Amino acid sequence: VNPVEIELTADSAEKVYDGTALTKDSYKITKGAFVGEEGLKSVTVEGSRTLVGTAENKITGYELKDNTKAKNYTITMKPGTLEVTKAEIALKVKADDAERAYNGEALTKHSAKITEGDLATGDRIVYTYTDDSTITDAGTQANKIASVQILHGEGADAKDVTDNYSIKKVDGTLTVTKAPVTVTT
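Computed from a predicted structure; not experimentally measured. (Residues numbered from 1 in each chain as written. Predicted model: local features only at pLDDT ≥ 70, side-chain atom pairs only at ≥ 80, totals over all residues. Heavy atoms only, no water.)

Just to check I follow, could you spell out the overall build of the protein for this structure?
Along its length, the protein carries 0 helices and 16 strands. Against the compact-globule benchmark of 16 Å for 185 residues, the protein has a radius of gyration of 29 Å, which places it well outside the compact range. Expressed along its principal axes, the backbone C-alpha trace of the protein runs to roughly 115 × 25 × 25 Å. Taken over 185 residues, the protein has a buried fraction of 31%. (Helix = DSSP H or I, 4+ residues; strand = E, 2+ residues; numbered from the N terminus. Rg over C-alpha atoms; globule rule 2.2 N^0.38 Å. Buried < 20%, exposed > 50% of the residue type's maximum accessible area, 1.4 Å probe, protein only.)

It is not clear to me how the packing of aromatic side chains should be interpreted in this structure. Could you clarify?
When we look at a pair of aromatic rings, we describe it by the centre distance and by the angle of the planes. Under the definition given, this model contains 2 aromatic pairs. Ring centres 4.8 Å apart and planes at 50° place the aromatic pair F34 and Y73 in the tilted group. One end of the pair, F34, is in the loop between β3 (27–31) and β4 (40–46); the other, Y73, is in strand β6 (residues 73–78), and 39 residues separate them in sequence. Given a relative accessible area of 14%, F34 falls into the buried group. Between the aromatic rings of Y127 and Y129, the centroid separation amounts to 6.4 Å while the plane-to-plane angle is 40°, which identifies the pairing as tilted. (Phe/Tyr/Trp six-rings, centres within 6.5 Å; stacked < 30°, edge-to-face > 60°.)

Structure representation (structure tokens):
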């Protein structure tokens, strides 16, 4: 008697990048069939993908029902695919404004705010400013964001996910007012 060939295939899944992990813990029997009431008690499927790209979704184990004899079946396992595709998240960021009276020191304001849109889960934003985003003498100067980078994660493990964003930068304004002059006689 030849054993029955059974093929288990982990399910595949796809989603647009949102900063959260894509998982799919289901499977299908893609070849063969168990006899009568025999079959699988449980199947373990493992796989995860957070950033844009693909990952294998793999069956890592299974348990047969108590009434199923392993020697009557040849079970093979095939992986599925988890795919995270690029997002187009619209963000508008504005450099902050700052104002103060002249004091002889340079005025800078290296901060900004997201005024439209939201970051995906687990993402954070890093700004750099142009060298001319500073003013010392009375007058006004644009506070310009040179670049915006979106990172997913923290520290050395952080990954650049800026490609998932469409970013519009808006200048802020730096203002130095004339210093008040007090004349005493």
